[in-house]
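# Chain and residue survey
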Amino acid sequence: QVQLVESGGGLVQAGGSLRLSCAASGRTFSRFPMGWFRQAPGKEREFVAAINWNGARTSYADSVKGRFTISRDDAKNTVYLQMNSLKPDDTAVYYCAARDGGSNYYSGVDEYHYWGQGTQVTVSS
């Protein structure tokens, strides 16, 4: 079993930055592909960013490409999402996810086995 705990959300003005963290515990974090997803009110959960098990490969949704950066620190069992140039459309609950195995990055909600509880990000205009 893997436990994921997100932190770093909050209220920020448009154009500002936030860094989300996701701390993992329970199993060998360094072998897990990781992802960030978000869900706005009334919308489905959507892919934001993903990173493969060793950090060599990343993928981003078109809506965040060039503004968000995913990274991982296996020594700290933590994955990060640096969010710059935030827009009101980025407002959502952000979720961290872990996949139990695989060498690639993954963008599908159903491709992940473990989820955090989410952290709220609100961007004001």
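These numbers come from a predicted model, not from an experiment.

## Digging into the pattern of salt bridges
This model, assessed by the stated rule, comprises five salt bridges. In this structure, the salt-bridge partner of Lys65 is Asp62, at a minimum N-O distance of 3.2 Å. Of the residues examined, Asp62 reaches a relative accessible area of 66% and is grouped as exposed. Between Arg67 and Asp90 there is a salt bridge, with the nearest N and O atoms lying 2.8 Å from each other. With Arg67 in the loop between β6 (58-60) and β7 (68-73) and Asp90 in the loop between β8 (78-83) and β9 (92-98), this pair connects stretches of sequence that are 23 residues apart. As far as the burial class goes, Arg67 and Asp90 line up, both buried. Look at the salt bridges and you will find they share partners, linking Arg38, Glu46, Arg67 and Asp90 into a network.

Calculation criteria
Residues numbered from 1 in each chain as written. Predicted model: local features only at pLDDT ≥ 70, side-chain atom pairs only at ≥ 80, totals over all residues. Heavy atoms only, no water. Salt bridge = Lys/Arg side-chain N within 4 Å of Asp/Glu carboxyl O. Buried < 20%, exposed > 50% of the residue type's maximum accessible area, 1.4 Å probe, protein only. Helix = DSSP H or I, 4+ residues; strand = E, 2+ residues; numbered from the N terminus.

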